[in-house]
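Close look at the chain arrangement
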Amino acid sequence: MFRSGRRFEGSRLQILAVPTSGATGRVGYVIGKKLLGRAVDRNRLKRMLREAIRGRRPAINAFDIILRLRQPCPAAELNGIATEAGALLDALAPSAPKTPR
């Protein structure tokens, strides 16, 4: 999947999307230990990314998606990475309805 599909690049995050052959798309997360050292921070980022996906789910069901952290980051910047993920997912499916919070 890393060789094919559409890529959306952010400053710290990369999204790879391939059209799915099934009914609903799958999502994978690649967050290396060298990029985000503490397991607590890696799990927190995954939860934040899952929430960004959930809010855009109806529009992105047609894709299998991988969200990949590209650069090391301090734990204080996790909210910015989640915001960046939302912007990249909006670029993938511009008609995605945003869930009000």
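Okay, so let's go over this structure. (Residues numbered from 1 in each chain as written. Predicted model: local features only at pLDDT ≥ 70, side-chain atom pairs only at ≥ 80, totals over all residues. Heavy atoms only, no water.)

Looking now at the overall build of the protein. Helices and strands together make up the secondary structure of the protein, namely three helices and four strands. With the C-alpha coordinates aligned to their principal axes, the bounding extent of the protein is approximately 35 × 35 × 20 Å. Here the protein holds 101 residues, and 42% of them are scored as buried. Look at the contacts in the protein between residues 6 or more apart in sequence, and 80% of them connect residues 24 or more apart. Summed over its atoms, the accessible surface of the protein is roughly 5,900 Å², and 53% of this surface lies on carbon and sulfur atoms. (Helix = DSSP H or I, 4+ residues; strand = E, 2+ residues; numbered from the N terminus. Buried < 20%, exposed > 50% of the residue type's maximum accessible area, 1.4 Å probe, protein only. Contact = heavy atoms within 4.5 Å. Areas by Shrake-Rupley, 256 points an atom, 1.4 Å probe, with all protein chains shown as cover.)

With that settled, consider helix α1 (residues 39-55). For α1, which comprises 17 residues, the first-to-last C-alpha distance of 25 Å matches the rise-based estimate of 24 Å (1.5 Å per residue) to within 8%. Listed as buried for α1 are Asp 41, Arg 42, Leu 45, Met 48, Leu 49, Ala 52, Ile 53 and Gly 55. Residues of α1 that are buried sit in contact with β2 (13-19), β3 (27-30), α2 (57-60), β4 (63-69) and α3 (78-92). (Expected span 1.5 Å × (residues − 1).)

Applying the stated criterion across every chain yields a total of six salt bridges. The residue Arg 70 makes a salt bridge to Glu 9 at a minimum N-O spacing of 3.2 Å. One end of the pair, Arg 70, is in the loop between β4 and α3; the other, Glu 9, is in strand β1 (residues 6-9), and 61 residues separate them in sequence. Overall, Arg 70 belongs to the partly exposed group, its relative accessible area being 34%. (Salt bridge = Lys/Arg side-chain N within 4 Å of Asp/Glu carboxyl O.)

Position of Asp 41 among the secondary structure elements: in helix α1. For Asp 41, a relative accessible area of 10% puts it in the buried group. What Asp 41 contacts, discounting residues up to four positions off in sequence, is Leu 36, Ala 75 and Leu 78.

A few words on the sheet that holds β1. Pairing is mixed across the open sheet formed by four strands, whose spatial order is β1-β2-β4-β3. With partners counted over all chains shown, the strands left at the sheet margins are β1 and β3, one partner each. Going across the sheet, the axis of each strand differs from the next one's by a mean of 15°, ignoring polarity. As judged from the four bridges shared by β3 and β4, these two strands associate in the parallel manner. (Pairing = 2+ DSSP bridges. Axes fitted to C-alpha atoms, helices over the stretch in contact; angles between N-to-C directions.)

Okay, the packing of α1 against α3 next. In helix packing, the relevant descriptors are the interaxial angle and the interaxial distance, both defined with respect to the helix axes. With their axes 9 Å apart at the nearest point, α1 and α3 run at an angle of 30° to one another. Taken as axis vectors, α1 and α3 run roughly parallel relative to one another. Classified by chirality, the crossing of α3 by α1 is right-handed. In this structure, α1 uses Asp 41, Arg 44, Leu 45, Met 48, Leu 49, Ala 52 and Ile 53 to contact α3, whose residues at the interface are Leu 78, Asn 79, Ile 81, Ala 82, Ala 85 and Leu 89. (Parallel < 35°, antiparallel > 145°, perpendicular 65-115°, else oblique. Left-handed = near helix turned anticlockwise from the far one by under 90°.)

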